[in-house]
Amino acid sequence: MYAMGLTPFETAAIWGVFGVAILGLLYAIFLRVQIMREDKGTARMQEVWGWILNGADTYLQQQLKSILPFIAILTVALFFSVYIVPPTPEALERFADLDDGQVRLLIGLARAFAFVMGAGFSLTVGQIGMRMAVQANVRVAAAARNSFSDALRIAYRAGTITGMLTDGLGLLGGTVIFIVLGIAAPDALLGFGFGGTLLALFMRVGGGIYTKAADVGADLVGKVENDIPEDDPRNPAVIADLVGDNVGDCAGMAADIFESYEVTIVAGLILALALWHITGQLEWIIFPLIVRGIGVLSSIIGTYAVRSDADEGGDAMGAIFKGFLSSAVISAVLFFGAGYLYLNTPEMNNQWGGWWRTPMAVGVGVLLAILIDRLTEYFTGTHSAPVQDIKKSADTGAATLILQGIAVGYESSVWSVLVIALTIVASIVIFGTIPGLEGGERVTFVLYGVAMTGIGMLTLTGNNVAMDSFGPIADNANGIGEMSWSGAEKEENKKAQQIMADLDAVGNTTKAITKGVAIGSAVIAAVALFGSFLVDVSRTQAALGIPLAEQLQTVGIRVDIPQVFVGMLIGGAVPWLFSSFAIQAVSRAAALIVQEARRQFKLGVLEGKVEPDYRKAVSISTTAAQKELVSLATIGVVTPIVVGLTLQVEALGGFLAGLILSGQLLAVFMNNAGGAWDNAKKLIEDEPKDPANNSGKGSERHKASVVGDTVGDPMKDTAGPALNPMIKVANLVAVIVAPIVVQYSRATGGAAVGRWIAVIILIVMLVLAIKRSKAPAPAIK
């Protein structure tokens, strides 16, 4: 390990963090062995499960083929990016015995390798997590025949496997890069974060389009047009719907939170390095890694607090939140203890305001995660006033129900952004009050505090991912039961059906909560990356001889400069364009699925004259998802480069500010409105069926709620969640290209011509991506 002046304690701490990362992965293997021993139920249950398994595997194979060429191109681009600007002072210091060309070669290889490693880890988390969810769903359905407690245990621990993979691989990658490169680690960490984030964007977009095209199509043609239950085996789209739950909410969300986990540590270490230059204290760099290790241990312990002794009718949400709160308390105690033992030095106390500041910022992050958890549950939970109001609005039809849901989504965005704003204010209070700091130094300290808040918020990543995976596992288990049991067998398993319906309803709320945490962490991570952007630009400007008074950290991003305001307007518009294309993709594919299901119904599927062909709907959803992957990723990658090269680096800063604000508000609105509509529908479905009182399944109120749910589906499961990685992709691209933009901002002659040629090529790529996204879907043959 590169020493960089580490004390024996710091060396031991870093290797200890490395060991904790390995422990997290070993715990995932341990839980997998436990889950795989559980009973898989009857032959019919396993048959239905086999259809889901095959559909999920087919989708993931097609997705991999679609994204590998894009990954290969970007790997080469990242390698050569280091040849456009001079090596950083840290890279030159780390490899002081090498010449300039050799340093560039090593850093280029490290950045490209880290990019591939980040992409590979993100892909691994998504794919293995999804496959474990598929393995667990049939086992949860089988366990529900016996007891509520067993079904809850299997569903949550299967989700914890994905959580531990996220923790273990995220911590492992960042720690290994730091061990090998030392102070030059940020050069490679940018590649690591970019790889993970880009793969998360692919998996979020593809999975979201797949799942909601199938879900919307299945609901419209099944519930609304033909009045058949959800997950009815006669519905040709039902298997595609169940597969979609896994590729969207398991693979997509796991990769999404994994990249947030990566990006917060990347931003934190870049800013920590800046503080090291200011203060000479290595504690700013080492402590974030220690916090991450503590989080893994806390999540492992918290797993065992999620349990229930009830055979039926237990409180799943209460048990899950108890586990989350247990992990939060344990982690808070441990990182404050670690802070006291490690940061309580004369230098930190006398010169830099006291040892307690960094642990306090991490504690604010944990508190933020809990507040967003409670806030999201309030706006989307079945027992809260917003969802009850939406349910009541169904009395007067679909229009009023949709209006009420929109209002709920708008309000939830306001409270969410205020909570995040207060978090940033807390960082200002904690780090901005250190005596003796001046202008740029104070900004760097505050932004480091924001990054530590993000690290604290994702300390409990293992719990968050487990909560999210719990949702689709419970949903699939419910679907397997619905499709497997009929007649007398259905009557015998009424208790199991109610258990799975209860778990499914809780799963809707846990998914919404996790999306809320993911959106909040995306904003915090983006703000921290914005700080990294300011630091990197200022360092490049200093290397080019630009006076301190003219550097970006000193001048700031001034909205009174016209090109900065233009950049902000463009940044604010990008999330809306991105969301529009994602929802259009769902709409087109859902229409094709409706047409296919109607065709099969005309052949006599409902009457049992012919068997439903599930493969056709699976194929439609898979094709629709692949069509949009590269187009939507291109918008996130190319737009910040075009803004930077045409309007200069200050406008790129304005672009990022507009993107962060607009994206956060839109993402929370879509997530919470969609979740509230979904749970309002479930409340109506749980009512006793009574045509005289217009209640229960099949009633006009129920049909109105299904319409609201289908409107909300692509909002909460496609466009909204996909904004999280898109925001961070754009921020990481901005941090990577910012030194290049500064380097060539004053270029003349051939360099200036080359810059404008690059701009024209990138604009053509954007236009082609937009045309591809707007192209109509092919007709069904």
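Residues numbered from 1 in each chain as written. Predicted model: local features only at pLDDT ≥ 70, side-chain atom pairs only at ≥ 80, totals over all residues. Heavy atoms only, no water.

Caption draft 1: Looking closely at the overall build of the protein chain. Across its full length, the protein chain carries 22 helices and 0 strands. At 26 Å, the protein chain has a C-alpha radius of gyration in line with the 28 Å of a compact globule built from 781 residues. Dimensions of the protein chain, computed from the C-alpha atoms along their principal axes, are close to 80 × 55 × 45 Å. Within the protein chain, the proportion of its 781 residues that are buried is 64%. (Helix = DSSP H or I, 4+ residues; strand = E, 2+ residues; numbered from the N terminus. Rg over C-alpha atoms; globule rule 2.2 N^0.38 Å. Buried < 20%, exposed > 50% of the residue type's maximum accessible area, 1.4 Å probe, protein only.)

Caption draft 2: Focus on the side chain of Thr 444. Along the chain, Thr 444 turns up in helix α14 (residues 439-457). Since its relative accessible area comes to 3%, Thr 444 is described here as buried. Ignoring any residue separated from it by four or fewer positions in sequence, one finds Thr 444 in contact with Leu 271, Ala 274, Leu 275, Ile 278 and Gln 553. (Contact = heavy atoms within 4.5 Å.)

Caption draft 3: Fine view of the packing of aromatic side chains. A complete count under the given rule lists 23 aromatic pairs for this structure. Summarising the aromatic geometry, the rings of Trp 284 and Phe 445 are spaced 5.5 Å apart at their centres and angled 85 degrees between planes, so their arrangement reads as edge-to-face. Of this pair, Trp 284 sits in helix α8 (residues 283-303) while Phe 445 is found in helix α14, placing the two residues 161 residues apart along the sequence. Taken together, Trp 284, Trp 352, Phe 431, Phe 445 and Tyr 448 form an aromatic cluster joined through their ring pairs. A cation over a ring is seen here: Arg 374 above Phe 321, with NZ or CZ 3.7 Å from the ring centre. (Phe/Tyr/Trp six-rings, centres within 6.5 Å; stacked < 30°, edge-to-face > 60°. Lys NZ or Arg CZ within 6 Å of the ring centre and 35° of its normal.)

Caption draft 4: Fine view of the packing of helix α12 (residues 385-393) against helix α13 (residues 398-431). Relative to each other, α12 and α13 sit at 165 degrees, their axes nearing to 8 Å. With respect to their mutual orientation, α12 and α13 come out roughly antiparallel. For the pair α12 and α13, the crossing hand works out as right-handed. Taking contact as the criterion, the partners of Pro 386, Asp 389, Ile 390 and Ser 393 in α12 are, on α13, Thr 400, Leu 401, Gln 404, Gly 405 and Val 408. Of the residues belonging to the contact of α12 with α13, the class tally is 4 nonpolar, 4 polar and 1 charged. (Axes fitted to C-alpha atoms, helices over the stretch in contact; angles between N-to-C directions. Parallel < 35°, antiparallel > 145°, perpendicular 65-115°, else oblique. Left-handed = near helix turned anticlockwise from the far one by under 90°. Nonpolar A, V, L, I, M, F, W, Y, C, P; charged D, E, K, R; others polar.)

Caption draft 5: Local environment of the nonpolar core. Phe 194, Leu 198, Ile 239, Leu 503 and Phe 533 are the most contacted members of the largest nonpolar core, which has 258 residues in total. With 34 residues, the single largest contributor to this core is helix α20 (residues 614-685). Once you skip the residues sitting within four places of it in the chain, Leu 198 turns out to touch Phe 70, Ile 71, Leu 74, Phe 115, Ala 633, Val 637 and Val 729. (Core = buried A, V, L, I, M, F, W, Y, C linked by side-chain atoms within 4.5 Å.)

Caption draft 6: Structural detail: the confidence of the model for the protein chain. Mean pLDDT over the protein chain works out to 85, with 97% of the residues at or above the 70 mark. When pLDDT is averaged over each element of the protein chain, α12 comes out on top at 93 and helix α16 (residues 487-492) at the bottom at 68. (pLDDT = per-residue confidence, 0-100.)

Caption draft 7: Expanded view of the pattern of salt bridges. Per the stated rule, a full pass over the model turns up 27 salt bridges. Linking Arg 598 and Glu 225 is a salt bridge whose minimum nitrogen-to-oxygen distance equals 2.4 Å. A residue pair is termed long-range when its members are at least 10 positions apart, and Arg 598 in helix α19 (residues 562-602) and Glu 225 in helix α6 (residues 185-226) qualify at 373 residues. Between Lys 391 and Glu 687 there is a salt bridge, with its nearest N and O atoms 3.6 Å apart. Residue Lys 391 is found in helix α12, and its partner Glu 687 is found in the loop between α20 and α21 (700-744); the two are separated by 296 residues along the sequence. (Salt bridge = Lys/Arg side-chain N within 4 Å of Asp/Glu carboxyl O.)

Caption draft 8: Layout of a nonpolar patch on the surface. Taken together, the side chains of Val 76, Phe 80, Tyr 83, Leu 105 and Leu 109 present a nonpolar region at the surface, about 460 Å² in accessible area. Mapped by element, the contributors of at least two residues to the nonpolar patch are α2 (43-81) and α4 (100-144). Tracing the backbone through its elements, the reader meets Val 76 in helix α2. (Patch = residues over 30% accessible without salt bridge, like charges linked within 9 Å, V, L, I, M, F, W, Y side chains within 5 Å. Areas by Shrake-Rupley, 256 points an atom, 1.4 Å probe, with all protein chains shown as cover.)

Caption draft 9: The arrangement of α14 in detail. With 19 residues, α14 extends 27 Å between its outermost C-alpha atoms, agreeing within 8% with the 27 Å of an ideal straight helix rising 1.5 Å per residue. In terms of burial, α14 is largely enclosed, as 14 of its 19 residues are buried. (Expected span 1.5 Å × (residues − 1).)

Caption draft 10: α19, seen in detail. With 41 residues, α19 extends 60 Å between its outermost C-alpha atoms, agreeing within 8% with the 60 Å of an ideal straight helix rising 1.5 Å per residue. Ala 573 marks where α19 bends most, by close to 25 degrees; the proline Pro 575 follows one to four residues later. (Bend = angle between axes of the 7 residues up to and from the residue.)

Caption draft 11: Expanded view of the packing of α12 against α20. The contact between α12 and α20 brings their axes to 9 Å, and the two run at 65 degrees. Crossing hand, α12 versus α20: right-handed. Touching Val 387, Gln 388, Ile 390 and Lys 391 of α12 are Ala 676, Trp 677, Asn 679, Ala 680, Leu 683 and Ile 684, all from α20. Here the contact of α12 with α20 is composed, by residue class, of 7 nonpolar, 2 polar and 1 charged.

Caption draft 12: Main features of the side chain of Gln 541. Positionally, Gln 541 belongs in helix α17 (residues 494-543). Residues contacting Gln 541, with those up to four places away along its chain left out, are Ile 546, Glu 550, Gln 551, Leu 552 and Val 742.

Caption draft 13: Spatial organisation of unusual backbone geometry. The residue Gln 648 is not glycine, and still its phi comes out positive at about 80 degrees. Topologically, Gln 648 is positioned in helix α20. Not every positive phi belongs to a glycine, and Asn 694 is a case in point at roughly 55 degrees. Residue position: Asn 694 is located in the loop between α20 and α21.

Caption draft 14: Highlighting the environment of Thr 124. With respect to the element layout, Thr 124 can be found in helix α4. Classification of Thr 124 by relative accessible area gives partly exposed; the value is 29%. Aside from chain neighbours lying at most four places away, what touches Thr 124 is Gly 129 and Leu 169.

Caption draft 15: Spatial organisation of the environment of Pro 359. Checked against the element boundaries, Pro 359 lands in helix α11 (residues 357-380). Under the relative-accessibility criterion, Pro 359 is labelled buried at 0%. For the pair Pro 359 and Leu 661, spaced 302 residues apart in the sequence, the C-alpha separation amounts to 27 Å. Ignoring sequence-local partners within four residues, the contact set of Pro 359 consists of Phe 287, Phe 335, Phe 336, Gly 339 and Leu 343.

Caption draft 16: Geometry of the environment of Val 103. Looking at where Val 103 falls in the secondary structure, it is placed in helix α4. Sequence separation between Val 103 and Tyr 83 is 20 residues; the distance between their C-alpha atoms is 10 Å. In contact with Val 103, other than residues within four places in its own chain, are Pro 87, Ala 91, Leu 92, Phe 95 and Leu 98.

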